[in-house]
Amino acid sequence: MTRFPNTTGVGLRLPHLTEMVATRPPAGWLEVHPENIVANPHAAELLIELSGGYPISLHTVGISIGSAIGIDRSHLKRIRALADRIDSVFVSGHLAWSTYENEYLNDLLPLPYNEETLQLVAAHVHEVQDTLGRPYLIENPARYVGFRSSTMTETEFLAEIVQRTGCRLLCDISNVVVSAHNMGYDAHRYIDEFPADAISELHLGGYTPEDDVLIDTHGAPIAERSWDLYAYALRRFGPKPTMIEWDNNLPPLTALLAEATRSDEVAHANAC
Ligand SMILES: [Fe+2]
């Protein structure tokens, strides 16, 4: 198994794939959405080639662990085959739901945090981990609404899922900034309460203000508020593999690599 470095990687999207193979720039590691790869044999070939030179992680957007109708096993098996082929150390996804009956909703929708949801999500995480043959990393979502039926905080919910399933966590620092702003809670307190021992990875991504709401667009440079919270989180969590996410308004690859360099500098100055 590839050793995963405590450095910063970049999200590798299809428009940058050929350039990445041709130029092989220095990058700590790479993360891809497997849904963009499994149905694209040429992209899969290029990714397999890159896996000889870079550690690669898979970040799923199509495993709906919060869906009441269950998990798509055939999709999971395709992701398992790719993960095995590129020796992916991490496979991660979101604490959200995105399917209804046979429809894929192309969005990460929120869940109420209570015992009923815990049982559903825990059962699905067990199923995912059994099929993948490796721990699954669950990411805290960007939130815009809450539920009256929630009986626990998000960090309490995540801690309980870790306890019940043995899964790992991905803490998206920018999602904490977005959710704390939109939901009216304190981002630093959220970091204080996050189950630090279960963290395997951090994310940093750009958001877009729209009226009084922050939207998790992954379509802008990382905001200063996220950099500040990242420094705070590193002082609490210690060094962690970090990933720069940029999906929309995709800039040149060099811009992503520059954000990764800044992230490594922040980590060097703050993580003990
Ligand atoms: Fe993320």
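Overview of the structure.

Reading the values: the criteria
- Residues numbered from 1 in each chain as written.
- Predicted model: local features only at pLDDT ≥ 70, side-chain atom pairs only at ≥ 80, totals over all residues.
- Heavy atoms only, no water.
- Helix = DSSP H or I, 4+ residues; strand = E, 2+ residues; numbered from the N terminus.
- Expected span 1.5 Å × (residues − 1).
- Buried < 20%, exposed > 50% of the residue type's maximum accessible area, 1.4 Å probe, protein only.
- Contact = heavy atoms within 4.5 Å.
- Polar contact = N/O pair within 3.5 Å; in protein donor to acceptor, adjacent residues only side chain to side chain.
- Donors = N, O, S within 2.8 Å, 3.2 Å for Na, K, Ca; no water.
- Tetrahedral: all angles 85-135°; square planar, octahedral: opposite > 155°, others 65-115°.
- Patch = residues over 30% accessible without salt bridge, like charges linked within 9 Å, V, L, I, M, F, W, Y side chains within 5 Å.
- Areas by Shrake-Rupley, 256 points an atom, 1.4 Å probe, with all protein chains shown as cover.
- Salt bridge = Lys/Arg side-chain N within 4 Å of Asp/Glu carboxyl O.
- Axes fitted to C-alpha atoms, helices over the stretch in contact; angles between N-to-C directions.
- Parallel < 35°, antiparallel > 145°, perpendicular 65-115°, else oblique.
- Left-handed = near helix turned anticlockwise from the far one by under 90°.
- Nonpolar A, V, L, I, M, F, W, Y, C, P; charged D, E, K, R; others polar.
- Disulfide = S-S within 2.5 Å.
- Phe/Tyr/Trp six-rings, centres within 6.5 Å; stacked < 30°, edge-to-face > 60°.
- Pairing = 2+ DSSP bridges.

1. Overview of helix α4 (residues 115-132)
Across its 18 residues, α4 extends 25 Å between first and last C-alpha, which sits within 8% of the 26 Å expected from 1.5 Å per residue. Taken as a whole, α4 has its buried residues at Thr-117, Leu-118, Val-121, Ala-122, His-124, Val-125, Glu-127, Val-128, Gln-129, Thr-131 and Leu-132. Buried residues along α4 sit against α3 (73-86), β4 (91-94), β7 (136-139) and α5 (154-165). The N-cap of α4, judged by a side-chain oxygen 3.3 Å from the amide nitrogen of Glu-116 a few residues on, is Asn-114. At the C-terminal side of α4, Gly-133 shows a positive phi close to 70 degrees.

2. Some remarks on the coordination of the iron ion
The protein atoms that coordinate the iron ion are Glu-139 (OE), Asp-172 (OD), His-203 (ND1) and Glu-245 (OE), at distances spanning 2.1 to 2.3 Å. Around the iron ion, the 4 donor atoms sit at angles spanning 86 to 163 degrees, and that spread fits a shape best called irregular.

3. As for a nonpolar patch on the surface
On the surface, Tyr-144, Val-145, Phe-147 and Val-213 cluster together into a nonpolar patch covering about 310 Å² of accessible area. Looking at where Tyr-144 falls in the secondary structure, it is placed in the loop between β7 and α5. Under the relative-accessibility criterion, Tyr-144 is labelled partly exposed at 39%.

4. Some remarks on the packing of α4 against α5
Following both chains from N to C, one finds α4 and α5 inclined at 45 degrees, their axes separated by 10 Å at the closest point. One element, α4, and the other, α5, form an angle in the oblique class. For α4 against α5, the interelement crossing comes out right-handed. Only Phe-157, Glu-160, Ile-161, Arg-164 and Thr-165 of α5 make contact with α4, whose side of the interface consists of Glu-115, Thr-117, Leu-118, Gln-119, Val-121, Ala-122, Val-125, His-126 and Gln-129. Here the contact of α4 with α5 is built from residues that sort into 6 nonpolar, 5 polar and 3 charged.

5. A few points about the pattern of salt bridges
Charged atoms that come close allow side chains of opposite charge to pair. As enumerated under the stated definition, the model contains 9 salt bridges in all. Between Arg-164 and Glu-160 there is a salt bridge, with its nearest N and O atoms 2.9 Å apart. Here the residue Arg-164 and the residue Glu-160 both occupy positions in helix α5, the gap between them amounting to 4 residues, near one helical turn. Glu-224 is the partner of Arg-262 in a salt bridge, and the nearest nitrogen-oxygen pair spans 2.9 Å. Taken together, the residues Arg-262 in helix α9 (residues 253-270) and Glu-224 in helix α8 (residues 224-237) connect sequence positions 38 residues apart. For Arg-262, a relative accessible area of 30% puts it in the partly exposed group. Here the residues in one salt-bridge network are Arg-80, Asp-84 and Arg-134, joined through shared partners.

6. Examining α3
A rise of 1.5 Å per residue sets the reference length of α3, with its 14 residues, at 20 Å; its end C-alpha atoms lie 20 Å apart and thus fit the reference within 8%. For α3, the elements touching its buried residues are α2 (41-50), β3 (56-59), β4 and α4. Looking at the residues trailing α3, positive phi occurs at Asp-87, about 55 degrees.

7. Here we look at the state of the cysteines
Using the criterion set out here, one finds 0 disulfides in the structure. Not engaged in a disulfide, the cysteine Cys-167 finds its nearest cysteine sulfur in Cys-171; these two sulfurs lie 13 Å apart. Judged by its relative accessible area of 0%, Cys-171 falls in the buried class.

8. Considering the packing of aromatic side chains
Counting across every chain of the model gives 5 aromatic pairs. What links up through ring pairs into an aromatic cluster is the set Tyr-185, Tyr-190, Phe-194 and Phe-237.

9. Details of the sheet that holds strand β1 (residues 8-11)
Here 8 strands make up a closed barrel; going around it, the order is β1-β2-β3-β4-β7-β8-β9-β12 and the pairing parallel. Neighbouring strand axes in the sheet, compared pairwise and without regard to direction, differ in orientation by 30 degrees on average. Docked against the sheet, α3 engages β3 and β4, running at close to 170 degrees with respect to β3. Contacting β1, β8 (168-172), β9 (199-205) and β12 (242-245), α8 runs over the sheet at an angle of about 170 degrees to β9.

10. Here we look at the packing of α3 against α4
Two elements in contact, α3 and α4, have axes separated by 9 Å at closest approach and are oriented at 40 degrees. Between α3 and α4, the interaxial angle falls into the category oblique. Here α3 and α4 pass one another in a crossing that is right-handed. In this structure, α3 contributes Arg-73, Leu-76, Lys-77, Ile-79 and Arg-80 to the contact, and α4 contributes Glu-127, Val-128, Thr-131 and Leu-132. Across the contact of α3 with α4, the residue classes tally to 4 nonpolar, 1 polar and 4 charged.

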